[in-house]
Amino acid sequence: MDKFIALVVSGGVSGAIYSLLASGLVLTYATSGVFNFAHGAVAFSTAFLFYELNTGLGWPVWAAALVSIMVFAPMLGVLMDRIIFRSLRTAEQSTKVVATVGLLVAIPAVTLFVTETLINTFHWKIPGPDNIFSPPGLGPVPKKNWKPVGNIRIDSNQVIILVAAVVAAVVLWIVVRRTRIGLQMRASVERPDLAEARGIDTNRASAFSWALSFMLAGLAGVVGAPLFSLTPANYTVILFLSATAAVIGRLRSIPMAFVGGIVLGLAQSLFAGYATFAESITGFSTSVPFIVLLIGLIVLGRERARIAGQVAEVAAQPDYHADLPRWRRLLPWVVAIAAFTVYLLFIADEFWRGLLVKGLAYSLIFLSFVVVTGIGGMVSLAQATFVTMASLTTGLLMSHGWPFLPAAIAGVLAAAVVGLIVALPSVRLGGLALALSSLALALLGEKVLFAWKAFANSNYGWKVPKPKLGPIDMHGQRTLGIVLMIVVGLVVLVIHNLVRSASGREIAAVRTAPPAASAVGLSLVRGKLWIFALSAGVAGLGGVMIGVYNGSVTNASFPAGVGLAWLAIVVLFGIRKPSGAVIAGIVFSISPQVIGWVTDSNRIADILFGLGAVQLAKTPDGVLSNFSRQGFERRAKRRLRRKTLVEPAASDVQPADAHPGGVSAFAVGSDVGADAVLDLAGVIGGYGPVEVLHGIDVKIAPGTITALLGSNGAGKSTLCLMAAGGLPAASGVIRLTGVDVTKSLGHRRARHGVAYAPESRGVFPGLSVEENLTLVLAKAADRNIVYERFPVLGERRKLAAGSLSGGEQQMLALAPLVVHPPKVLIADEPSLGLAPRIVEQVMALLVEMRNHGTAVLVVEEKATHVLPVADQVAFLELGRVTWSGPAADVDADALAASYLHGGPA
Amino acid sequence: MRNTRQGRAGRLLKGGALATVLALVAVGCGSDAKSSSSTQASTAPTTASSTAASTATSTGDSTAGSTSSGGTVRGVTDTQITIGGLSALTSPGGGYTGADAGAKARFDRANNEGGINGRMINYIGVKDDGEDSTKNLDLARELVQKDDVFALAPVVGQGLLPASSDFLEESKVPYVGWGFMPGFCGSKFGFGFNGCITPPDGSIVNTSLAGTLVQALKLGAGDTVAVQGYDAEGGKLGADILAAGFEKAGVKVVYKDTSMPTTDATDFTPFVQKIMEADGGKPPTAVAMVSLFNNTVGLTGSLKTAGYEGATMNFLTYVPGLLASAPQVAAAIDGTYVNTQWLPQEFGGPAIDQLKADLTASGADPTVGFGTAIGYWSADVLIQMLQAVGPDLTPENFDKVINGGWTYEPQGDPFGIGPVSYPQDHNQPTPCAALVQVDGTSYKPILPMTCYEIVKK
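Residues numbered from 1 in each chain as written. Chains lettered and ligands numbered in written order. Predicted model: local features only at pLDDT ≥ 70, side-chain atom pairs only at ≥ 80, totals over all residues.

Draft legend 1. Region of interest: the overall build of chain B. Summing up its helical and strand segments, chain B has 15 helices and 16 strands in all. Per-residue burial for chain B yields a buried fraction of 67% across its 457 residues. (Helix = DSSP H or I, 4+ residues; strand = E, 2+ residues; numbered from the N terminus. Buried ≥ 20, exposed ≤ 12 C-beta atoms within 10 Å, placed from the backbone.)

Draft legend 2. How the structure looks around the overall build of chain A. When helices and strands are counted, chain A shows 33 helices and 18 strands. Expressed as a percentage of its 905 residues, the buried residues of chain A come to 57%.

Draft legend 3. Spotlight on the sheet that holds strand S3 (residues 151–156) of chain B. Residues and elements named next belong to chain B. Within the open sheet, the five strands sit side by side as S2-S1-S3-S4-S5. Their pairing is parallel. If you trace the sheet from one side to the other, it starts and ends with strand S2 (120–128) and strand S5 (190–192), each paired once. On average, adjacent strands in this sheet sit at an angle of 20° to one another, irrespective of strand direction. Pairing between strand S1 (residues 80–87) and S3: four bridges, direction parallel. Each residue of the ladder has a partner; that of leucine 86, found in S3, is valine 155. Its contacts with the sheet place helix H4 (residues 99–112) against S1, S2 and S3, and it is angled at close to 175° to S2. (Pairing = 2+ DSSP bridges. Axes fitted to C-alpha atoms, helices over the stretch in contact; angles between N-to-C directions. Contact = placed C-beta atoms within 7 Å.)

Draft legend 4. Summary view of the nonpolar core. All names here are of chain A. Judged by nonpolar contacts, the single largest core of 428 residues is most densely connected at Leu20 and Val570. At 15 residues, the largest contribution of residues to this core is made by helix H1 (residues 2–32). What leucine 20 contacts, discounting residues up to four positions off in sequence, is Ile161, Ala164, Ala165, Ala168, Leu216, Leu219 and Ala220. (Core = buried A, V, L, I, M, F, W, Y, C linked by C-beta atoms within 7 Å.)

Draft legend 5. Inspection of the sheet that holds strand S13 (residues 739–740) of chain A at higher detail. Residues and elements named next belong to chain A. If you walk across this open sheet you meet the four strands as S10-S9-S12-S13, and the pairing is antiparallel. Sheet topology places strand S10 (690–700) and S13 at the edges, where each strand pairs with a single neighbour. Across two bridges, the pairing between strand S12 (residues 731–736) and S13 is antiparallel. Bridging across to S13, arginine 735 finds its partner in aspartate 740.

Draft legend 6. View of the packing of helix H2 (residues 39–56) of chain A against helix H9 (residues 232–248) of chain A. Residue and element names in this part refer to chain A. In the contact formed by H2 and H9, the axes pass within 8 Å of each other and the chain directions differ by 140°. Taken together, the axes of H2 and H9 are oblique relative to one another. Classified by chirality, the crossing of H9 by H2 is right-handed. For the pair H2 and H9, the contacting residues are His39, Gly40, Ala41, Ala43 and Phe44 in the first and Pro232, Tyr235, Thr236, Ile238 and Leu239 in the second. Grouping the amino acids of the contact of H2 with H9 by side-chain chemistry returns seven nonpolar, three polar and no charged. (Parallel < 35°, antiparallel > 145°, perpendicular 65-115°, else oblique. Left-handed = near helix turned anticlockwise from the far one by under 90°. Nonpolar A, V, L, I, M, F, W, Y, C, P; charged D, E, K, R; others polar.)

Draft legend 7. Spatial organisation of the environment of B:Gln354. Tracing the backbone through its elements, the reader meets B:Gln354 in helix H13 (residues 350–361). Measuring from C-alpha to C-alpha, the distance between B:Gln354 and B:Gly412 comes to 9.3 Å, with 58 residues separating the pair along the chain.

Draft legend 8. Structural view of the packing of helix H31 (residues 806–819) of chain A against helix H32 (residues 836–851) of chain A. All names here are of chain A. Remark: H31 packs on H32, axes separated minimally by 11 Å, with the N-to-C direction vectors making an angle of 10°. Here H32 runs roughly parallel to H31, going by the angle between their axes. Residues Gly807, Gln810, Leu814, Leu817 and Val818 of H31 form the contact with H32, whose participating residues are Ile838, Val842, Leu845, Glu848 and Met849. Broken down by class, the residue content of the contact of H31 with H32 amounts to seven nonpolar, two polar and one charged.

Draft legend 9. Structural context of the environment of A:Gly685. Residue and element names in this part refer to chain A. When you line up the elements, glycine 685 lands in strand S9 (residues 678–687). The class for glycine 685 is buried, based on 23 C-beta atoms found within 10 Å. Along the chain, glycine 685 and alanine 729 lie 44 residues apart, while their C-alpha atoms are 4.9 Å from each other. Excluding residues that lie within four positions of it along the chain, glycine 685 makes contacts with Val692, Leu693, Met722, Leu727, Pro728, Ala729 and Ala730.

Draft legend 10. Just the confidence of the model for chain B, in detail. All names here are of chain B. Averaged over every residue, the pLDDT of chain B is 84; the share at 70 or more is 83%. Scored below 50 in pLDDT, residues 1–70 shows 241 contacts in the model against residues more than four places distant or in partner chains. Reported for the predicted complex are a pTM of 0.83 and an ipTM of 0.83. (pLDDT = per-residue confidence, 0-100.)

Draft legend 11. Structural detail: unusual backbone geometry. Backbone torsion omega between B:Asp413 and B:Pro414 reads 5°, so that peptide bond is classified as cis. Of note, the bond from B:Tyr422 into B:Pro423 is cis; its omega dihedral lies within 30 degrees of zero at 15°. A positive phi angle is found at A:Leu251, which is not glycine, with a value near 60°. Turning to its location among the elements, A:Leu251 is positioned in the loop between H9 and helix H10 (254–274). With 24 C-beta atoms packed within 10 Å, A:Leu251 lands in the buried category. Positive phi, close to 45°, is recorded for A:Leu878, a residue that is not glycine. Exposure remark for A:Leu878: the 14 C-beta atoms within 10 Å place this residue in the partly exposed category.

Draft legend 12. Representation of the pairing of strand S16 (residues 855–860) of chain A within the structure. All names here are of chain A. Within S16, six of the six residues are buried, leaving the element largely enclosed by the surrounding structure. What you see with S16 is no split at all: Ala855, Leu857 and Val859 on one side and Val856, Val858 and Glu860 on the other are buried throughout. Where strand S11 (residues 705–709) meets S16, five bridges bridge the pair, whose relative direction is parallel. Of the residues in S16, the one forming a bridge with leucine 708 is valine 859. Bridge count between strand S15 (residues 824–828) and S16: five bridges; the pairing is parallel.

Draft legend 13. Expanded view of helix H13 (residues 350–375) of chain A. Residues and elements named next belong to chain A. Between the first and last C-alpha of H13 there are 36 Å, a value that for 26 residues agrees with the 38 Å anticipated at 1.5 Å per step. In terms of residue burial, H13 counts as a mostly covered element, since 22 of its 26 residues are buried. Looking one or two residues beyond H13, the residue adopting positive phi is glycine 377, at roughly 70°. (Expected span 1.5 Å × (residues − 1).)

Draft legend 14. Local environment of the confidence of the model for chain A. Residue and element names in this part refer to chain A. The predicted model of chain A averages 83 in pLDDT, with 90% of residues at 70 or higher. Low pLDDT (under 50) marks residues 303–313, which in the prediction has 31 contacts with non-local residues, meaning those over four places away or in another chain. For residues 648–665, every residue scores under 50 in pLDDT, and the model assigns this stretch 27 contacts once sequence neighbours within four places are set aside.

Draft legend 15. Seen up close, the environment of A:Thr46. Relative to the helices and strands, A:Thr46 resides in helix H2. Residues within four places of A:Thr46 in sequence aside, it is in contact with A:Ser68, A:Ile69, A:Phe72, A:Ala73, A:Ala217, A:Gly218, A:Gly221 and A:Val222.

What follows is the structure in structure tokens.
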């Protein structure tokens, strides 16, 4: 019993470090949807700075801690938010994973590069990064030991970690749940556009959460330092372990994540104390956290289908070559392949030929990412496991006398089977859960399966003699190169066919429009499993070919972590298309050599990873796609120029329509004059190259309701967005009470007094009713006014807004406006999907606000509800106002006509 | 020991290089599995690639093999021999800093003494693989195919997987280094300066692992020892061999555990609990550890905190400069014994004096760091080999002379590294070691390099 209690205490205290790291992970995941794989890297860099300041430069502990934890870490967080995370909020899960993986490599590399430069170039007398074992933390050196009761021992470092973890968890919980900035952070995550419309600076909220999270990472790094050697690798491993605690907290609950960390520490301690069987399976004790992680993901994932966060709906990648004829699309590839072949066979010396052949083998591995992530939309961090599985299997069989071909096929199949095993429990979970569980299985494979002597032959591995298939003798690198080119080509063909296959189309449907896909009854589990297995097989094939190139295979060639770096590289070049992966493979192979021409530092390659992540945040489809897009835009411009040269006379035909900067038959509210609160003049704009509004003039006076009618696709919502600041205008001017606000977008527009009720309900479904109101009405007294007016909201103030009925949600969205009527209200289809009785209430609210002096712009597709209350009516058709006038002048026939062919006569 | 992991991002998950390597090196761990290493390549069903005939074809289409048709020898002219190095000078966990300077110091002295058989050594320096096996193979190919080296020294780091060492062997490039990777075992051209440290034959017991402590503390019947390994194959084999060493010396092994996780931040309480009761409820006379660096420091410190008064010994914590720069480590391991594979500079004497003089003469820092010693002793062994081969320097001749029966003669008393013999030590380590004790912030010399024996389990 004594032993048990001692184990419980020591395990729990040790677990506090996981708790501390996990709470930071949960914070940023909950507030930005990004699971920060670089959290451990931040912890490392902060701890390293602390070490250099404290031990290196002799600063006192408090000063070093203040600068590293309270200044450096949060500033780094703000910087990373600005250049990377901010643009990732709406990105696909794979992009998020990759960007933070890039940082995980780059942040420590920059830290070490700067340190080495200071030492080598500037001759600073500070310790280098080598061999820093158990550096001092915040506590005394050497540590103090206590024996409070019985056999229980605890030391000062443990106490500090425990205290830091408790304090951090409590402070965090208060900040996120009980402060205004915390509420704003949560609102920004749920519906960033709506948050902006509510006047919340989502960028500021995001920066704040990253600063806080980095600060927590830094704290964990510094207090945990005495437990580890100060290397980036150690911190990353600890972070992976902490992910287990975060998952126990379902990536949402900071208190639960804290408990999760303690539980994990306990599990490890009790396991080491009692589970004697573990010793017989090499790697099992080490793998306990990974097993807990896996179980956690499967159990918690089942319960909620997916854990927290949104599965981003992915826009299908535009085809930038659609305007080119087929030969023109293929031409660059034919030329490139021909040039490559000639160089490979006739020009390259032996050394470079080897690099290119190896690059082709890597291309195969990288193509497997195109299958699983580019097409399947799943992030797999286990690709290195499949590579090792296939190559070891092939090597093992060949050493037992199998010929190459059957051994290789068996290897590829073995990889595919392992792929199925990885995918089976987690493919339903999707997104991040799949990524994490694949990583857990990869680490498990590495520690246990590949450590199995009979399979891997210790670290000696197996020989893979260069195969000879009939007349094809792969002893020669030229032959091997040609064989590889053919194999790569075949795999590319398979991938092209996969995209066009039934499975491929189903997967694409689910990725781009999940609700629609589920509506037509697409079940994807089988398709996804098949894609995962195929991807594992392709990766395995790459592994076999690298084995052929190397002449041997070992369990150490491709550790699990390498899969993360591979993913980063493939995404950098474009993961949606095979071409990106093929080029990535070759670049990956030759880049160390090329970088070697410039610098001796091994850090540089790592730093480039980070730049890659930054680049990625800007071009999520990869570098190649970026080139294509630029080409497309160039061609579009050229066409436009040609067109304007050819048809200059056309615009002279209708000079009457001409309006400076735009063309509009009618100006809405032209009689309003200088009194207009909202004044849109000659507004043109749309989405990217697609122009939706072709010149709109709208003036709205205070205390009036203007109804904007029009059919689907007329541009009504676009006009609303542009007026509310959710979309920039390409040209034209938008004024509010005479002030030009064209350039102030998002929350800044809101602060000018514009309220916006978007087409779907303007509420944050995950926040409670009370929290929804608090975002706009900071004072409790104001909220009470709402509750008095809408008792049903008062009754449900603690419920999540998403659980209210549609009408209640619309009330919740509009209610705060009644308390503080805005200057301008823009309501986009407020009656959509509501019962007639509720619609009446909504319209009554609009009238009430008009009576308070608000200028109301209501967009409706159906005129029935809005006409009785509107003062002015305008018809919008294909981006132009086709008629406008007083509501009284509109008659039903004219209205019907407006939907058929322009406005009323 | 199979913590040998590389690949650029493999570093993400890898522990400190030195820490893991030290653990790896500590004990001859090996495997009794049917090895496919190059020794047995000839038994492989398909054409073995280690034969001379396959050199050209397996390394490429053109002739960049050892000898070209014109009769010239790669890397050798009438006046000079080109030698390079291939090591992990840097790695995310710290590399073998100083390996380059150590080798250069030794080659410089050879040149100052008139070269080798009339030829000067053209030492082109160490290429740094950053512990990345993919880069290691690229660099090996570059050294052979572009730089035309005759031989390599030093070669050290986890990047040297069979892909690289097989290539070097096929290209007939002798390479000398710290032999803890498979490429130093069974390869005709791979020479560890203290042999093959991890032989595939797991029954080989290097008694120097236990021997120094047994000798220094005069352990014998009636004494007990606990052996703590770690949770990887290397940790298990290492613990087995260490335990066998103690048993051969008549010391009773009362505890052998290999379940300590290979991740840092381990909770040591469960292990301390078990060790403190290992000898029938009492603590054992000594505790020997084959573990990763932090676990070694942590367990040693925790044992002391728990009131353990016996001796502790490990293979990792002799790192020059460590104790002064890391007071918390020094405090945790104060009093512990460390078994080393080459003579620590604290012993002084002619070998160390010469080493320091050579470093100073070549303009390097005379402190004998960890990497410095590896670079220096690798070069020292290669120089004796080249002298033995004589003026007719070709890879074939090198093979004939060295693998025909050759022994490195240690210089001075106490000597720096033990005598290493080839071809014998292609398949086993040299059973020599020294022992120091941590004393505050310095290492106290206990036992100079002493050679024991290799026995079968």
